[in-house]
Amino acid sequence: MRYHNITTDDMLNGDGLRTVLWLSGCSHCCKDCQNPVTWDANGGLLFDEEAKKELFEKLGKAHISGITLSGGDPLYYASRSDVLALLKEIHELFPEKSVWMYTGFTWETVSGLEIMDYVDVLVDGEFVPELKDNQLHWRGSSNQKVIDVKASRNQGRIVLHCT
């Protein structure tokens, strides 16, 4: 797995103050994407033990609400097993921290993946410039949904996160 950046004290990519892991690799290549530099799965840096240590130090701060995985696409096929392993470790070490994920895939296509067992909120769908709306909270275009994954799993239907 490769990544481009780890940021902290982020208020734009989920609820509360968050640490964001910006992953490499995306097959969607949305027109007018805000992060086209992250599309190349071979770009960025190797997510090694030193990067994990940095991520966990930032995530371990008391004022951080949780982690957001973005990119690129955290569900890029070649990264899925590494992302799953990372989320399992985060869940074990930081059970009180929430996990948000941005993906170009739709909920309907990824809801059955094991990785969703470790995601609290999913922002799904490709960015569509014709549907761009700057008034939307946590998403760029109106086709994207902010899904409360835990509630959706429990209720058997999509539950939109209150924004």
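Structure's up top.
Residues numbered from 1 in each chain as written. Predicted model: local features only at pLDDT ≥ 70, side-chain atom pairs only at ≥ 80, totals over all residues. Heavy atoms only, no water.

Concerning the sheet that holds strand β4 (residues 66-71)
Here is the rule we go by: The rule for pairing is simple: two strands pair if DSSP sees at least two bridges between them. Secondary structure is summarised from DSSP: a helix means a run of H or I of at least four residues, a strand means a run of E of at least two, and numbering begins at the N terminus for each. Residue contacts follow a heavy-atom distance rule, with two residues in contact if any of their heavy atoms lie within 4.5 Å. For helices, the fitted line uses only the C-alpha atoms of the stretch in contact; every axis is such a line through C-alpha atoms, and the angle between N-to-C directions lies from 0 to 180 degrees.
Strand order across the open sheet formed by 7 strands is β3-β1-β2-β4-β5-β6-β7, with mixed pairing between neighbours. Each of the sheet's edge strands pairs with one partner strand only, and the pair in question is β3 (45-46) and β7 (145-148). Judged from the 3 bridges that link them, strand β5 (residues 98-102) and strand β6 (residues 121-124) form a sheet pairing that is parallel. Paired with Met101 across the two strands is Leu122, which belongs to β6. On top of the sheet, helix α1 (residues 49-59) reaches β1 (2-10), β2 (18-23), β3 and β4; it is set at about 15° to β1, its chief contact.

Some remarks on the pattern of salt bridges
Note the cut-off: We define a salt bridge as a contact between a side-chain nitrogen of Lys or Arg and a carboxyl oxygen of Asp or Glu at a distance within 4 Å. Partly exposed describes any residue whose relative accessible area lies between the buried limit of under 20% and the exposed limit of over 50%, with all areas from a 1.4 Å probe on protein chains only and scaled to the type maximum.
Throughout the structure, instances matching the rule amount to 7 salt bridges. Asp120 is the partner of Lys150 in a salt bridge, and the nearest nitrogen-oxygen pair spans 3.2 Å. Note that Lys150 is positioned in helix α4 (residues 149-155) and Asp120 in the loop between α3 (107-110) and β6, a separation of 30 residues in sequence. Among the residues examined, Asp120 registers a relative accessible area of 14% and is labelled buried. Salt bridges sharing common partners tie together Glu49, Lys52 and Glu89.

Brief notes about the packing of α1 against helix α2 (residues 80-93)
To keep it simple, the criterion reads: Each crossing gets its handedness from the near helix: less than a right angle anticlockwise from the far helix is left-handed, clockwise is right-handed.
Interhelical geometry of α1 versus α2 gives an angle of 35° and a closest axis separation of 12 Å. Considering how the two elements wind past one another, α1 and α2 form a crossing that is right-handed. Taking contact as the criterion, the partners of Lys52, Leu55, Phe56 and Leu59 in α1 are, on α2, Leu86, Glu89, Ile90 and Leu93.

Looking at α2
The condition is simple: Here a helix's expected span is defined as the number of its residues, less one, multiplied by 1.5 Å. Summarising the geometry, the arc corresponds to the directions from the helix axis toward the C-beta atoms.
For α2, built from 14 residues, the straight-helix expectation of 20 Å at 1.5 Å per residue is met to within 8% by its first-to-last C-alpha distance of 20 Å. Those residues of α2 that sit buried are Arg80, Val83, Leu84, Leu86, Leu87 and Ile90. Buried residues of α2, seen end-on, are gathered within an arc of 165° and therefore sit on one face of the element. Every exposed residue of α2 that faces more than 90 degrees away from the buried side is listed here: Ser81 and Glu92. Buried residues belonging to α2 abut β2, α1, β4, β5 and α3.

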